[in-house]
Amino acid sequence: MISGYLYVSPFFIIFFCVGLFPILFSLYLAFQQWNGLSPMEFVGLDNFKIVLTDSLFWKSVYNTIIMGLLGTAPQLIVGIILAFLLNQVFLRFKQFYRVTIFMPYITSMVAVALVFSVLFSNQDSSMANYILGLFGLDPINWATSEWGTKIAISLMVFWRWIGYNTIIYLAGLQSIPRDLYEAATIDGASKFQQLRYITMPLLKPFILLTVFFSTVGALQLFSEPTVFLGQSAFTRSEAMTIVMYLYRDAFRLQSFGTASATAVILVIFIAVLAAINLYLTSGIGRKKKRGAGK
Amino acid sequence: MKEVGSKKFSFSKILMYGFLTLASLLSLFPFYWMFVMATRPSAAYNSIPPTLTPGNMLVENFQKVLQQIDFFGAMWNSLILCVVVTIVVLLISSLAGFAFAKFKFPGKNILFIAILLTMIIPPQLGLIPQYFLIAKAGLLDTLQGVMILSFLNPLGIFLMRQYISGSISDELIEAAKLDGASNFKIYWKIVLPIILPAFATLGIIVFTSVWGEFLWQFTVLRDPEMYTIQVALASLNNTFKVDYGMLMSGVFWATIPLVIIFLLFNKLFIASITEGAVKS
């Protein structure tokens, strides 16, 4: 049937032009030296060598991982707690809580980064430093220090995405039939046992989903640090992420070969990390099932 | 016994409401604070403790924003961008979803899997060649250059296929065919009206993601005249001495329309997340 092909063709036509071709060209470019103007020159694996021996690249890998962990891991725990509370039958103002906790997600990353750049500025009078002061702590240079920048950026990631993850967990909790809990209660299972043997295993696919999204998203972190740091985004190293490193190579230093090599390395990282966390998380599930079997 | 039990119950209840209320307040605070800063002079920022009540510079701060960036032009560019992308994605996705759900043709499953596989390609991989491609086509600093990448939406095709195979029976299609309706007529007259609710969900997903996208817009748009609101806002922070009142005023006015739309349609927004994420 011809119309079948016809109807699915727009996606493939656009994909071949602006998707597939650029990807293949990236792979090609990763082995060339090119400044965007003069002819390309084949350099073998030199670009990869340059990137992999650049301490700034490894700094950006380190930054990306630290901010990824700080920004997303706590969401898993807090998100599940929030979803659990929002799922209580007798909870009042449910809709209010749901809407407000979700609201940060609708703000753009740029807007979030700008608001946080003001909340977390270097000045002693910034909101963040004022709150530290209330606890008798010294002010922190949020925009320039090694940990200050990372914590501020992780917090904005947390703030923007927690509602999103909570909603997904809530959907997961609502998919668990209530009579399972009723049966467990009749059998004398405690609330904690119910959480451990009913909620967690059945919530597992939803947790896997968010862990997967978070990992992939965290590795691609770009807008938040770039906008948060403003003027110094591509000159300072405290919060430079892998994608920022790539962007800087390409569009600030006109070194498109090494930038493409970085892109290829990033994709390998994403594939490996995604595979590892799928393996680990499914491992946890298996252990749990065995535990439940005993 | 009974009293102890009920006390324990109310304690955990207080804890629960306390935690949820704290989470709500922390979620709302940056919005409120953005408003406060947008109404205060930059100097208010130096006060300790920080000012928490609105001032009277709402208009003045916004006038300063207008001196820095073409705020309305940028909002308009973002709006055009999102509307066009949303409409195109809805059409491409529903046509392809219809074909995948109801047609039989050789290679159907392979093609569908190929589309799903494109979802896992990180967008940064093609960034540099895409930039040169757009440059070669003379589309730098144009909205068309920004748009074209967003037309690719594998998730949309997936969702539409799911929705169409779940909500439209094969008998209905067959009956229409017996009446002599062409495939496109069936799509237009029968499929489209039925899948309108799914359009709302997918539309919200596409619109919000294009509205907030930054990396590609930032790469393609260099001319301030062509800035979208995201790129324009980011440019406000790109000076050594930032006027915080002005900066927050820009962010506030760019955010408030979204907040209003969200509050009006919050159920749809929240449903779109579970539809979009959980179904895949």
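Cut-offs and rules
Residues numbered from 1 in each chain as written. Chains lettered and ligands numbered in written order. Predicted model: local features only at pLDDT ≥ 70, side-chain atom pairs only at ≥ 80, totals over all residues. UniProt positions renumbered as here; feature names shortened; annotations may be inferred. Helix = DSSP H or I, 4+ residues; strand = E, 2+ residues; numbered from the N terminus. Rg over C-alpha atoms; globule rule 2.2 N^0.38 Å. Buried ≥ 20, exposed ≤ 12 C-beta atoms within 10 Å, placed from the backbone. Contact = placed C-beta atoms within 7 Å. Axes fitted to C-alpha atoms, helices over the stretch in contact; angles between N-to-C directions. Parallel < 35°, antiparallel > 145°, perpendicular 65-115°, else oblique. Left-handed = near helix turned anticlockwise from the far one by under 90°. Nonpolar A, V, L, I, M, F, W, Y, C, P; charged D, E, K, R; others polar. Domains from an automatic or database assignment. Core = buried A, V, L, I, M, F, W, Y, C linked by C-beta atoms within 7 Å. pLDDT = per-residue confidence, 0-100.

- Per an unreviewed UniProt entry, chain B is named Sugar ABC transporter permease, and its organism is Oceanobacillus sojae.
- UniProt, in the comment section headed Sequence similarities (unreviewed entry), describes chain B in these words: "Belongs to the binding-protein-dependent transport system permease family."

**A short note on the overall build of chain B**
Stage number 1. Within chain B one finds 14 helices and 0 strands.
Stage number 2. Here chain B has a C-alpha radius of gyration of 24 Å; the compact-globule value for 280 residues is 19 Å, and the former is much larger.
Stage number 3. Relative to its full complement of 280 residues, chain B shows a buried share of 42%.
Stage number 4. Put simply, of all contacts in chain B between residues at least 6 apart along the chain, 77% involve residues at least 24 apart.

**Focus on the overall build of chain A**
Stage number 1. Helix and strand counts for chain A come out as 12 helices and 2 strands.
Stage number 2. Within chain A, buried positions represent 41% of all 294 residues.

**Describing the packing of helix α5 (residues 109-119) of chain A against helix α7 (residues 146-174) of chain A**
Residue and element names in this part refer to chain A.
Stage number 1. The contact between α5 and α7 brings their axes to 10 Å, and the two run at 130°. With respect to each other, α5 and α7 are oriented oblique. You can see that α5 and α7 cross each other, and the crossing is right-handed. In contact with Met 109, Val 112, Ala 113 and Phe 116 of α5, α7 contributes Ala 152, Met 156, Trp 159 and Arg 160.
Stage number 2. Counted by class, the contact of α5 with α7 contains 7 nonpolar, no polar and 1 charged residues.

**Things to note about the domain arrangement of chain B**
Stage number 1. When its domains are assigned, chain B resolves into domain 1 (2-55) and domain 2 (69-236).
Stage number 2. With centres defined by C-alpha atoms, the gap from domain 1 of chain B to domain 2 of chain B works out at 39 Å.

**Some words on helix α8 (residues 178-186) of chain A**
Stage number 1. Buried residues are scarce in α8 of chain A, accounting for 0 of its 9 residues.
Stage number 2. Positive backbone phi, approximately 90°, marks Gly 188 of chain A, located one or two places after α8 of chain A.

**Here we look at the environment of Ile 23 of chain A**
Stage number 1. By secondary structure assignment, the location of Ile 23 of chain A is in helix α1 (residues 2-29).
Stage number 2. Residues Ile 23 of chain A and Gly 217 of chain A, spaced 194 residues apart in sequence, show a C-alpha to C-alpha distance of 19 Å.
Stage number 3. Setting aside anything within four residues of it in sequence, one finds Ile 23 of chain A in contact with Ile 121, Leu 125 and Gly 126 of chain B.

**Thoughts on the environment of Gln 130 of chain B**
Stage number 1. With respect to the helices and strands, the residue Gln 130 of chain B is situated in helix α5 (residues 127-136).
Stage number 2. Separated by 114 residues in sequence, Gln 130 of chain B and Met 16 of chain B place their C-alpha atoms 50 Å apart.
Stage number 3. Filtering out sequence-adjacent residues up to four positions away, Gln 130 of chain B remains in contact with Val 18 and Pro 22 of chain A together with Leu 149 of chain B.

**Some thoughts on the UniProt feature "transmembrane region" (unreviewed entry) in chain B**
All names here are of chain B.
Stage number 1. Per the UniProt annotation, the sites labelled "transmembrane region" (unreviewed entry) are residues 14-35, 74-98, 110-134, 146-165, 186-211 and 244-265.
Stage number 2. Note that residues 14-35 is 100% helix and 0% strand, and that its end C-alpha atoms are spaced 30 Å apart.
Stage number 3. Between the C-alpha atoms that bound residues 146-165 the distance is 32 Å, and the span itself is 85% helix and 0% strand.

**Concerning unusual backbone geometry**
Stage number 1. Positive phi, normally seen in glycine, also occurs at Phe 93 of chain A, with a value near 55°.
Stage number 2. Notably, Gln 254 of chain A is not glycine yet its phi reads approximately 50°, a positive angle.

**A look at the interface of chain B and chain A**
Stage number 1. The interface is formed by 75 residues belonging to chain B together with 64 residues belonging to chain A.
Stage number 2. Residue composition of the side of chain B that touches chain A, by class: 54 nonpolar, 19 polar and 2 charged.

**Describing the nonpolar core**
Stage number 1. In terms of nonpolar packing, the biggest core is built from 151 residues, with Leu 114 of chain A together with Leu 233 and Val 251 of chain B touching the most fellow members.
Stage number 2. Tallying contributions element by element places helix α3 (residues 71-102) of chain B first for this core, with 14 residues.
Stage number 3. Ignoring anything within four residues of it in the chain, the contact list for Val 251 of chain B reads Ala 111, Leu 114 and Val 115 of chain A together with Met 34 and Leu 233 of chain B.

**Regarding the environment of Tyr 45 of chain B**
Stage number 1. Examined against the element boundaries, Tyr 45 of chain B turns out to sit in the loop between α1 (2-38) and α2 (58-68).
Stage number 2. Sequence-distant contacts of Tyr 45 of chain B, defined by excluding residues within four places in its chain, comprise Ser 125 of chain A together with Tyr 244 of chain B.

**Remarks on the confidence of the model for chain B**
Residues and elements named next belong to chain B.
Stage number 1. Model confidence for chain B is summarised by a mean pLDDT of 90, while 96% of its residues fall at 70 or above.
Stage number 2. Under a pLDDT of 50 for its full length, residues 1-7 has, in the predicted model, 0 contacts with residues more than four places off or in other chains.
Stage number 3. Scored as a whole, the predicted complex attains pTM 0.90, and scored at its interfaces, ipTM 0.90.

**Section: the confidence of the model for chain A**
Residue and element names in this part refer to chain A.
Stage number 1. With 95% of its residues at a pLDDT of 70 or more, chain A shows a mean pLDDT of 90.
Stage number 2. No element of chain A has a lower mean pLDDT than helix α12 (residues 256-293), which averages 76, and none a higher one than helix α2 (residues 46-52), which averages 97.
Stage number 3. In the model, residues 288-294 has pLDDT below 50 throughout and makes 5 contacts with residues more than four positions away in sequence or in other chains.

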